[in-house]
Structures are given as C-alpha cells and as structure tokens.
Amino acid sequence: MLLYRRNVEYHHKYMSILTFGEILYDVYNDEKKIGGAPLNVSSHLVKLGSEVVFISAIGNDELGHESERELDRLLIERRYVKCIDGFETGKAFVKLTDGIPSYSFTTPAAWDEIYLSEEELRTLKETNFDAFYYGTLASRSERSRKTLSLLFKSIKARLFFFDVNLRLSYYSKDIIETGLEKANILKLNDEEEKTILSLFSLDSLETLMKRYSIDLIILTEGKKGTTALTEGKKIHQPANKVKVVDTTGAGDSISAGIMHFLSKGKNIEEALEKASLLADFVVTQKGACPDYPEKLIEMLSIS
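Here's a quick rundown of the structure. (Residues numbered from 1 in each chain as written. Predicted model: local features only at pLDDT ≥ 70, side-chain atom pairs only at ≥ 80, totals over all residues. Heavy atoms only, no water.)

This paragraph deals with the overall build of the protein chain. Summing up its helical and strand segments, the protein chain has ten helices and 13 strands in all. What you see for the protein chain is a C-alpha radius of gyration of 18 Å, in line with the 19 Å of a compact globule of 303 residues. Across its three principal directions, the C-alpha atoms of the protein chain cover 50 × 45 × 45 Å. Relative to all contacts within the protein chain whose residues are 6 or more apart in sequence, the contacts with residues 24 or more apart total 72%. (Helix = DSSP H or I, 4+ residues; strand = E, 2+ residues; numbered from the N terminus. Rg over C-alpha atoms; globule rule 2.2 N^0.38 Å. Contact = heavy atoms within 4.5 Å.)

Here's what the structure looks like:
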C-alpha cells in the first residue's frame, strides 16, 4: 500500500521527518527523564535510522540547558528548538499504577511558546519531508497553535501523521478537527477512540476515516496489541507477552516505527509488525526512550 499526501507535487528528494510539539521532563518520585510525545517519537526515529528535524521550545533554565545536551546526545537536530526567557522547561509529573501512567503538567511552559521566524518558515517550505508528525498537546496554547497552523500552510510532506495524544482538558473539538483535516495517518489509543467518537457523534473509526479522507488509522490497545485500519480492511498485531515495567512512550514507539518503516517503503503489515516489536521492548524498560540492545536492532533490521 502506498500512502501519500493528496494534491501535493514533489520535485526534489525527500530529506527527513519533521516533528513538532512539546519537550518536557517526565518526573517520577525520585528521578526525571526527558520526554513529551514529539521528543519520544523523534528519539525513536533517530535510533531507527531516520533523519529528524524537531520544532519545539525549552526554557532558559537548568532543565532547558540539560535538554540541549540531551538532544545532542540523542542526535536530534535542534536548530528549530527555541530557548525562551520567562518560561520554564515543561514538566509532566507521572504517577504509575500497575505500569499505567497518569499525568499532571506545569502550566504555562516553554513549549506553549513555540515559534518560527519568517526565514525559518521559508527554509522549511523549501524542503520536502518524508513525514510531518504533530499532536494535540502543544496546541493547548494560542502561540504554539498558530505556529502549527503556519506549518500546515507551508510544509510539503508525503505523510501527515496526527497523534491525538489527549491529556487532561488540553484539547477541544476544533483542535482535533484541525489535525484531522490535514492528516492522512491518524494514531490514537482505545480511550482516545471513545472520546473522539463521542465528541464527533460518530459510530466508528471507519466513519471518521471516510469523513476526513484519512488513509490509515493506527489504534493502540495496550496489552491487546495494535490495529491498523486502511482501504476497507483491518489488520491486528497482537502484543507479545512481556513483563511490563512502564508503558510511558509505548505509543510513541509505535508512531515512530510506523512512520519510519512506511517511509522506507515497507507495507503497512511489515511496518506494523516491526513497530509492535519495538513497543514490546519499550514497555519492559523504565522511561520512554531506552537504548536499543543488539538483539532488537537485529530484529528490526536497522542498518
């Protein structure tokens, strides 16, 4: 199956994957780890072998400077990651119950102030990307939401990947609909499925797919595995039985795996299988972006 962004002409070689959204620190009882869905996805994409350009914002504080060092360590391009005075680097306070996380967030945070200069927008506009990843959380603020809107008008990408990533009250029907209208791939979990179907008064994801002309929906279902809906068919990939330590970032690894392997020419069945293998590993580790062991690298055929 070939996925493509409709009504876009390409005249140059695709360069990389563009990601947009929050950087924050997941704070556990006695430790902290850099995170945020876009950062987690970017980290996994780099580990898988993709080139990543990340658009975000951090505070001019201790965690912000630590973030810069972490982005360099993770080999994530940060020329579009702004260091902003007057706002602290974001934090998400994580509480784990049987390995399942719940969150509370610092508000406001630097990632509420994501912006790009006109020159930066022109540069991005002149680049063709394999994929553009975005979610809902960074749209909780007007400024970051405006920047995303400008990117929607400028970016040329083969895949527009929308991760709804609903958290607390930081979303609205309008925010979700704006993301749906641009997406040709939608990723959500089973709880977010219930919320969105209710919010839009729809009876199924298939109906949602038709209404917004979405080519592919990725539904993560925890221990049950992951289901892909596309072209009138449903593909289910069960999760392997593993010892779950922390599910934080499991969905992000699915997103990264799907984007990476589709952009490398794999079909959805192959991409889903490999992404699920990655998620099976991630939930056995603490933190969203653990280092990959050699066995996993071999299983994923990462060169």
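Anyway, onward from the coordinates.
Tallying each qualifying case throughout the model produces twelve salt bridges. Ionic pairing is found between Glu191 and Lys194, a salt bridge with its closest N-O pair at 3.4 Å. Here Glu191 and its partner Lys194 are both found in helix 6 (residues 190-199), three residues apart, which amounts to about one turn of the helix. Glu191 sits in the partly exposed class, given a relative accessible area of 48%. (Salt bridge = Lys/Arg side-chain N within 4 Å of Asp/Glu carboxyl O. Buried < 20%, exposed > 50% of the residue type's maximum accessible area, 1.4 Å probe, protein only.)

With that out of the way, let us pick up unusual backbone geometry. With an omega of -5 degrees, the peptide bond running from Thr107 to Pro108 counts as cis. Within the fold, Pro108 resides in the loop between strand 7 (100-105) and helix 3 (118-125). Positive phi values are uncommon outside glycine, yet Asn165 reaches one of about 45 degrees. Following the sequence through the fold, Asn165 ends up in the loop between strand 9 (156-163) and helix 5 (173-182). We classify Asn165 as buried; its relative accessible area is 9%.

Attention now goes to empty space enclosed by the protein. For the structure shown, the criterion picks out one cavity of 30 Å³ or more. Approximately 50 Å³ is the volume attributed to the largest cavity. Contributing to the lining of the largest cavity are Phe20, Gly21, Glu22, Ala37, Pro38, Tyr133, Gly135, Thr136, Leu137, Ala138, Asp163 and Asn165. Broken down by secondary-structure element, the contributors of at least two residues to the lining of the largest cavity are helix 1 (37-48) and strand 8 (128-135). For the lining of the largest cavity, a count of residues per class yields six nonpolar, four polar and two charged. (1 Å grid on protein atoms, 1.4 Å probe; cavity = no way out; pocket = protein on both sides within 12 Å on 5 of 7 lines; lining within 4 Å. Points joined across faces, edges and corners; volume = space filled by probe spheres on them. Nonpolar A, V, L, I, M, F, W, Y, C, P; charged D, E, K, R; others polar.)

So, on to the pairing of strand 1 (residues 17-20). By the alternation rule, side chains of strand 1 split into Ile17 and Thr19 and Leu18 and Phe20, which are all buried. The pairing of strand 1 with strand 8 spans three bridges and is classified as parallel. Each bridged residue has a counterpart across the sheet, and for Leu18 the counterpart in strand 8 is Phe132. (Pairing = 2+ DSSP bridges.)

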